[in-house]
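Listed here are the chains, written in short residue letters.
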Amino acid sequence: MIRVLVTDDSEVFRKLLGNLLERDPEIRVTGQASSGEEAVERVLRQPDAFDVVTMDVQMPGMGGLEATRRLMGTAPLPIVVVSACWSPEEIDLTFRAMDAGAVEILPKPRDGEPLESYAQELTAKVRRAASVRVLLPAPRHRAPKRLPSLRSEELQVVAVGASTGGPQALKVLLPRLPAAFPLPILLVQHITPGFEEGFVDWLGTLTPLPVRLARGGEGLSSPGILVAPAGAHLEADGTGRTVLSDAAPEHGVRPSVSVLFRSVARRYGNRGAAVLLSGMGRDGAEALGAIRQAGGTTFAQDEETSLIWGMPGEAVRLGTAEHVLPPEGIATVLSGMIDPKKTRKEEPQNSEVKQDGQYRDA
């Protein structure tokens, strides 16, 4: 049984959310809170009473962002943000809550939206959240981990795939790439429709690299991060340009990491690198092998740092991931693969790289 604390300042919405959640026989709403303060107080008073918290963002007094920070710092448990995706301020707060540790996002239902489909999405996200292994803040000085020393003067593109836990991994990986990282990065992050623009804006706060939502037709000769929009597959075509398609979902999702990885293998072969980050399921795991077989370089996030070691864990099981590393290690290796003549000499932010190929957090 998954026990849920529903947090929202609207009593009507709390009741609606509770009724929708309890359509699933494996979910029970065992508490309600009308503010961030009340949610924090209830969890701290009964730390073993709840498995998941749903969290409104804008509430009188302590809002959802501060409540998420407090809970993740004192009594961490999976938090699903239920937010209005049509308000720019709300979207900004939503991704700051993700930054603070929330693991899933869900929009509030619009007027007239069929509640049956909304209930299915809501319960699916709560179920996924309940399976997350919530991570405490990592020690500031972890034991050094030996990293491979790679160099690929022909590397032309990096493809990245992520799902649940992906934003937390990207928060570590992207700031550690040098500001002058010279290659395009194609990113598929499974995300709820309506939050893509906010996600792009949030990524832009993590890195000096330009971040844009892919529109299709962009050339892949310039640096920057192109993000797949919700509802469309992102691919690299034979001419080295982006393509968006509405082909059938793969692994139940569109955009699919698998579609992106296969296109990079076809177009770039040994000149491509791919990274598979935290997420549930198998999307991208087998397709990572297409890049490895073509001579490209493949990475999977390690189990220790993954909120959900589903996608990267499957890649490890299949043998499609050549290197299994934490996000900061992946960033360090990718940075080291680049010809120093193509970029300024900058160390990845917030890390120190030792001459023997080891690293430690700064």
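Residues numbered from 1 in each chain as written. Predicted model: local features only at pLDDT ≥ 70, side-chain atom pairs only at ≥ 80, totals over all residues. Heavy atoms only, no water.

### Here we look at the overall build of the protein chain
Next up, step 1: Scanning the protein chain for helices and strands turns up eleven helices and 17 strands.
Next up, step 2: Split into buried and exposed, the 362 residues of the protein chain put 57% on the buried side. (Helix = DSSP H or I, 4+ residues; strand = E, 2+ residues; numbered from the N terminus. Buried < 20%, exposed > 50% of the residue type's maximum accessible area, 1.4 Å probe, protein only.)

### As for the side chain of Thr298
Next up, step 1: Its place among the elements puts Thr298 in strand 14 (residues 297-301).
Next up, step 2: A distance of 2.8 Å separates a polar side-chain atom of Thr298 from the backbone oxygen of Thr320.
Next up, step 3: One polar contact links the side chain of Thr298 to the main-chain amide nitrogen of Glu322, over a distance of 2.9 Å.
Next up, step 4: The contacts of Thr298, once residues within four sequence positions are left out, are Ala274, Leu288, Ile291, Arg292, Thr320, Ala321, Glu322 and His323. (Polar contact = N/O pair within 3.5 Å; in protein donor to acceptor, adjacent residues only side chain to side chain. Contact = heavy atoms within 4.5 Å.)

### Section: the nonpolar core
Next up, step 1: Core analysis: the largest hydrophobic core is formed by 64 residues, its most contacted members being Val158, Leu177, Leu203, Val227, Val275, Leu277 and Leu334.
Next up, step 2: With 26 residues, the next largest nonpolar core counts Ala214, Leu220, Leu260 and Leu276 among its residues. (Core = buried A, V, L, I, M, F, W, Y, C linked by side-chain atoms within 4.5 Å.)

### With respect to helix 8 (residues 257-268)
Next up, step 1: Taking 1.5 Å of rise per residue, twelve residues should cover 16 Å, and helix 8 covers 16 Å from first to last C-alpha, within 8% of that figure.
Next up, step 2: Counting buried residues in helix 8 gives nine out of twelve residues, a clear majority hidden from the surface.
Next up, step 3: Those residues of helix 8 that sit buried are Val257, Ser258, Val259, Leu260, Phe261, Ser263, Val264, Ala265 and Tyr268.
Next up, step 4: Those residues of helix 8 that are buried lie in contact with strand 7 (157-162), strand 8 (184-189), strand 11 (233-236), strand 13 (272-276), helix 9 (288-293) and helix 10 (311-318).
Next up, step 5: The opening residue of helix 8, the one whose side-chain oxygen lies 3.1 Å from the backbone nitrogen of Ser258, is Ser256.
Next up, step 6: Gly269 sits one or two residues past helix 8 and shows a positive phi near 55 degrees. (Expected span 1.5 Å × (residues − 1).)

### Notes on the sheet that holds strand 10 (residues 224-227)
Whether parallel or antiparallel, the strands of a sheet pair through hydrogen bonds between backbone atoms.
Next up, step 1: If you walk across this open sheet you meet the seven strands as 9-10-8-7-13-14-15, and the pairing is parallel. What marks the edges here is a single partner per strand, and that holds for strand 9 (211-213) and strand 15 (323-325). Neighbour-to-neighbour, the strand axes of this sheet turn through a mean angle of 20 degrees, independent of strand direction.
Next up, step 2: Across five bridges, the pairing between strand 7 and strand 8 is parallel. Across the sheet, Val158 pairs through a bridge with Ile185, a residue of strand 8.
Next up, step 3: Running at roughly 170 degrees to strand 9, helix 7 (residues 196-204) makes contact with strand 8, strand 9 and strand 10 of the sheet. (Pairing = 2+ DSSP bridges. Axes fitted to C-alpha atoms, helices over the stretch in contact; angles between N-to-C directions.)

### Let's talk about the sheet that holds strand 1 (residues 2-7)
Next up, step 1: Strand order in the open sheet made by the five strands is 2-1-3-4-5, with parallel pairing throughout. A strand with exactly one partner marks an edge of an open sheet, and here the two such strands are strand 2 (27-33) and strand 5 (104-107). On average, adjacent strands in this sheet sit at an angle of 25 degrees to one another, irrespective of strand direction.
Next up, step 2: Judged from the six bridges that link them, strand 1 and strand 2 form a sheet pairing that is parallel.

### Quick look at unusual backbone geometry
Next up, step 1: Of the consecutive residues Arg254 and Pro255, the connecting peptide bond is found in the cis state with omega at 15 degrees.
Next up, step 2: Following the sequence through the fold, Pro255 ends up in the loop between strand 12 (242-245) and helix 8.

### Things to note about the environment of Leu147
Next up, step 1: Along the chain, Leu147 turns up in the loop between strand 6 (145-146) and strand 7.
Next up, step 2: The class for Leu147 is buried, based on a relative accessible area of 8%.
Next up, step 3: In sequence terms Leu147 and Leu325 are 178 residues apart; their C-alpha atoms lie 8.2 Å from each other.

### Some thoughts on the packing of aromatic side chains
Next up, step 1: Considering all chains together, one arrives at four aromatic pairs under this definition.
Next up, step 2: Look at Phe95 and Phe195: their rings are 6.4 Å apart centre to centre, the planes differ by 75 degrees, and that puts the pair in the edge-to-face class. In this pair, Phe95 sits in helix 4 (residues 88-100) while Phe195 sits in the loop between strand 8 and helix 7, placing the two residues 100 residues apart along the sequence.
Next up, step 3: Using a relative accessible area of 1% as the deciding quantity, one classes Phe95 as buried.
Next up, step 4: Taking the centre distance of 6.1 Å and the plane angle of 25 degrees together, the rings of Phe95 and Trp202 count as stacked. Residue Phe95 is found in helix 4, and its partner Trp202 is found in helix 7; the two are separated by 107 residues along the sequence.
Next up, step 5: The class of Trp202 is buried, set by a relative accessible area of 5%.
Next up, step 6: Put simply, the rings of Phe95, Phe195, Phe199 and Trp202 touch in pairs and so form one group of aromatic residues.
Next up, step 7: Positioned above the aromatic ring of Phe13, the side-chain terminus of Lys108 is 5.0 Å from the ring centre. (Phe/Tyr/Trp six-rings, centres within 6.5 Å; stacked < 30°, edge-to-face > 60°. Lys NZ or Arg CZ within 6 Å of the ring centre and 35° of its normal.)

### Quick word on the confidence of the model for the protein chain
Next up, step 1: Per-residue confidence for the protein chain gives a mean pLDDT of 90, with 90% of residues at or over 70.
Next up, step 2: Taken as a whole, residues 344-362 scores under 50 in pLDDT and shows 50 contacts with residues more than four places along the chain or in a different chain. (pLDDT = per-residue confidence, 0-100.)

### Observations concerning the packing of helix 3 (residues 64-74) against helix 4
Next up, step 1: In the contact formed by helix 3 and helix 4, the axes pass within 9 Å of each other and the chain directions differ by 5 degrees. Overall, the two elements helix 3 and helix 4 adopt an arrangement that is roughly parallel. Between helix 3 and helix 4, the residues in contact are Leu65, Thr68, Arg69 and Met72 and Leu93, Arg96, Ala97 and Ala100, respectively. (Parallel < 35°, antiparallel > 145°, perpendicular 65-115°, else oblique.)

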